Amino acid sequence: MDPDGGSGGGLRQPSKRRLPAASSSMADPHQLFDDTSSSSTPAGRGYSAQQPPTVGYPTQGSFLAEPMSNFAMAYGSTLASQGKEIVDKNIDRFIPVTKLKYYFAVDTVYVGKKLGLLLFPFMHQDWQVQYQQDRPVAPRFDINAPDLYIPVMAFITYLLVAGLALGTQNRFSPDLLGLQASSALAWLIVEVLAVLLSLYLVTVNTDLTTIDLVAFSGYKYVGMIVGVVSGLLFGKTGYYLLLSWCCLAIFVFMIRTLRLKILSEAAAEGVLVRGAKNQLRMYLTMAIAALQPLFMYWLTFHLVRVLVSDPSHVLYVLVSAGPGWLQTCVGPAGPGRGTGPRPVTAAGRRTLG
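Calculation notes
- Residues numbered from 1 in each chain as written.
- Predicted model: local features only at pLDDT ≥ 70, side-chain atom pairs only at ≥ 80, totals over all residues.
- Heavy atoms only, no water.
- Helix = DSSP H or I, 4+ residues; strand = E, 2+ residues; numbered from the N terminus.
- Contact = heavy atoms within 4.5 Å.
- Areas by Shrake-Rupley, 256 points an atom, 1.4 Å probe, with all protein chains shown as cover.
- Buried < 20%, exposed > 50% of the residue type's maximum accessible area, 1.4 Å probe, protein only.
- Core = buried A, V, L, I, M, F, W, Y, C linked by side-chain atoms within 4.5 Å.
- Phe/Tyr/Trp six-rings, centres within 6.5 Å; stacked < 30°, edge-to-face > 60°.
- Lys NZ or Arg CZ within 6 Å of the ring centre and 35° of its normal.
- Salt bridge = Lys/Arg side-chain N within 4 Å of Asp/Glu carboxyl O.
- Expected span 1.5 Å × (residues − 1).
- pLDDT = per-residue confidence, 0-100.
- Axes fitted to C-alpha atoms, helices over the stretch in contact; angles between N-to-C directions.
- Nonpolar A, V, L, I, M, F, W, Y, C, P; charged D, E, K, R; others polar.
- Disulfide = S-S within 2.5 Å.
- Parallel < 35°, antiparallel > 145°, perpendicular 65-115°, else oblique.

Chemist: Explain the overall build of the protein chain here, please?
Modeler: The secondary structure content of the protein chain amounts to 12 helices and 2 strands. If you take every contact in the protein chain between residues at least 6 apart in sequence, the share linking residues at least 24 apart comes to 69%. About 23000 Å² of surface is accessible on the protein chain, with carbon and sulfur atoms providing 65% of the total.

Chemist: Just checking my understanding: could you explain the environment of Gln-130 for this structure?
Modeler: Looking at the secondary structure, you find Gln-130 in the loop between helix 5 (108-119) and helix 6 (149-168). Given the relative accessible area of 42%, Gln-130 is considered partly exposed. Each C-alpha atom, one on Gln-130 and one on Asn-144, is 8.0 Å from the other, the two residues being 14 residues apart in sequence. Dropping the residues within four chain positions of it, Gln-130 is found in contact with Arg-135, Pro-136, Val-137, Phe-141 and Asp-142.

Chemist: Hey, could you run me through the nonpolar core in this one?
Modeler: Across soluble globular proteins, you tend to see nonpolar side chains buried next to one another. In terms of nonpolar packing, the biggest core is built from 50 residues, with Tyr-158, Tyr-219, Tyr-221, Phe-253 and Met-254 touching the most fellow members. Listed by contribution, the elements that provide at least two residues to this core are helix 5, helix 6, helix 7 (174-202), helix 8 (210-218), helix 9 (220-262) and helix 11 (276-298). Those residues in contact with Met-254 that lie beyond four places of it in its chain are Phe-216, Arg-259, Ile-288, Ala-289 and Gln-292.

Chemist: Explain the packing of aromatic side chains to me, please; I cannot follow it from the model alone.
Modeler: A ring pair, where both rings are aromatic, is described by two values, the distance of the centres and the angle of the planes. Inspection of every chain in the model, using the stated rule, returns 12 aromatic pairs. Members of the aromatic cluster, each reached through a chain of ring pairs, are Trp-127, Phe-216, Tyr-219 and Phe-253. The aromatic ring of Tyr-221 is capped on one face by Lys-220, whose charged end is 5.5 Å from the ring centroid.

Chemist: What is the right way to read the pattern of salt bridges from this model?
Modeler: Two side chains that carry opposite charge are able to pair once their charged atoms sit near each other. What the rule picks out here adds up to 2 salt bridges. For Glu-191, the salt bridge identified is with Lys-220, shortest N-O distance 2.8 Å. In this pair, Glu-191 is assigned in helix 7 and Lys-220 in helix 9, connecting sequence segments 29 residues apart. Across the pair Lys-261 and Asp-207 runs a salt bridge, and its minimum N-O distance is 3.9 Å.

Chemist: It is not clear to me how helix 8 should be interpreted in this structure. Could you clarify?
Modeler: Counting buried positions along helix 8 yields 7 of 9 residues, so the element is predominantly enclosed. Residues of helix 8 that are buried include every one of Ile-211, Asp-212, Leu-213, Ala-215, Phe-216, Ser-217 and Gly-218, and no others.

Chemist: Can you help me understand helix 7 in this one?
Modeler: Each α-helix winds once per 3.6 residues, and so residues spaced three or four apart point in a common direction. The terminal C-alpha atoms of helix 7, which comprises 29 residues, lie 42 Å apart, in line with the 42 Å expected from a rise of 1.5 Å per residue. Residues Leu-176, Gln-180, Ala-181, Ala-184, Leu-188, Glu-191, Val-192, Val-195, Leu-199 and Val-202 constitute the buried set of helix 7. In the segment just after helix 7, Thr-203 is the residue with positive phi, at about 55 degrees.

Chemist: How should I be thinking about the side chain of Ser-230 in this particular structure?
Modeler: Considering the arrangement of structural elements, one finds Ser-230 in helix 9. According to the relative accessible area criterion, Ser-230 is buried, its value standing at 2%. If we ignore the near neighbours within four places in the chain, the residues touching Ser-230 are Gly-235, Gly-238, Tyr-239 and Leu-242.

Chemist: How should the confidence of the model for the protein chain be read in this particular structure?
Modeler: Chain-level statistics for the protein chain give a pLDDT mean of 73 and a share of 61% at 70 or above. Mean pLDDT across the elements of the protein chain bottoms out in strand 1 (residues 313-315) (33) and peaks in helix 5 (95). In the predicted structure, residues 19-27 sits below a pLDDT of 50 and forms 2 contacts with residues beyond four places in sequence or in another chain. Confidence drops under a pLDDT of 50 for residues 307-353, and excluding neighbours within four residues, the segment shows 48 contacts in the predicted structure.

Chemist: Mind showing me how you'd approach the packing of helix 8 against helix 9 here?
Modeler: Describing two packed helices takes the angle between their axes plus the distance from one axis to the other. One can describe the packing of helix 8 onto helix 9 by two numbers: an axis separation of 10 Å at closest approach and a directional angle of 145 degrees. Contact residues: Phe-216, Ser-217 and Gly-218 in helix 8; Lys-220, Tyr-221, Phe-253, Met-254, Thr-257 and Leu-258 in helix 9. In the contact of helix 8 with helix 9, the residues fall into 5 nonpolar, 3 polar and 1 charged.

Chemist: Sorry, what's going on with unusual backbone geometry here?
Modeler: Its identity is not glycine, yet Gln-133 carries a phi of approximately 60 degrees, on the positive side. By secondary structure assignment, the location of Gln-133 is in the loop between helix 5 and helix 6. Residue Gln-133 is classed as exposed on the basis of its relative accessible area, which comes to 74%. Its identity as a non-glycine residue notwithstanding, Asn-170 has a phi of 55 degrees, on the positive side. Among the secondary structure elements, Asn-170 is positioned in the loop between helix 6 and helix 7. By relative accessible area, Asn-170 is classed as partly exposed at 48%.

Chemist: What am I meant to see in the state of the cysteines here?
Modeler: A covalent bond between the sulfur atoms of two cysteines is referred to as a disulfide. What the rule picks out here adds up to 0 disulfides. Counting only cysteine sulfurs, Cys-247 is the nearest neighbor of Cys-246, a cysteine outside any disulfide, at a range of 7.1 Å.

Chemist: Teacher, can you tell me more about the packing of helix 5 against helix 9 here?
Modeler: Relative orientation of the contacting elements helix 5 and helix 9 amounts to 90 degrees, with a least axis distance of 7 Å. Relative to helix 9, the element helix 5 is oriented roughly perpendicular. Across the interface between the two elements, Lys-114, Leu-115, Leu-117, Leu-118 and Leu-119 from helix 5 touch Val-222, Val-226, Trp-245, Cys-246, Ala-249, Ile-250 and Phe-253 from helix 9. Classifying every residue of the contact of helix 5 with helix 9 by side-chain character gives 11 nonpolar, no polar and 1 charged.

Next up, the structure:
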């Protein structure tokens, strides 16, 4: 009994000593299960004593790393702000990006009236741009103010209409449409650069900016759209008639608009001062206006379908197409027939035989 009691007492004493040890590490014995099941505490009780060294080690490294990271962040932000200021100054020197918001301040009423003015400028009387506190008012308040909304939308619409025209002729391809877009954009850039160079050589004191010239040069796409659509609907006769009207309208529009810009000194006096310098300015104004019809015809004449009334086999030779399109351009031209070569049937063989 005694050995059993001694053995039993020996077994109970270690158990009594372990319970206070567990309770000493944990204030509440009910928290033992909560701590072991949570992800924030280690899985075993023996690892709880190793947490302070692991927590203290990164604090020693961060004591040296944090000042360096803060210095790098401050230095990087300073370089970024300085680079942004330099880029903004250099861009605004050539193209005032901050003023682009003014050229898109339009509404539906302005767009409708401006399109009517571009197509029918003959009855318009007042061409002066309105100012408020030495600054031009927004385009939605003045129909004479230049904008970029109509030129940008007209350029995109022109590309869509060009793709439609090429598709009706079975000549559509992404490469050909991209060539059409790049050529139109390249001619626009060349035109603006030529006008800027001419203004510099003639030494004209004007308030025309580069964006103003882009806007005025982009208005011709409206007439180009009208010409191509009329060509698709009514053939070459409708194309030449409506394109001629649009060319005349854009010529009158450019003359009456630019003469107040380029001839600003004479317009301020109310009379045209005669002289060699004033004649050069007048010739420059007329040259800029005369360029618009030339570009309108050059960029649209190859998009109009060639209408042939002969029902026999004919050869379509399109100016804008290369030699690769020669085979697709040979075919019957009768009504309801395609433009490609038609396969010979058995009845055709008997007829030919």
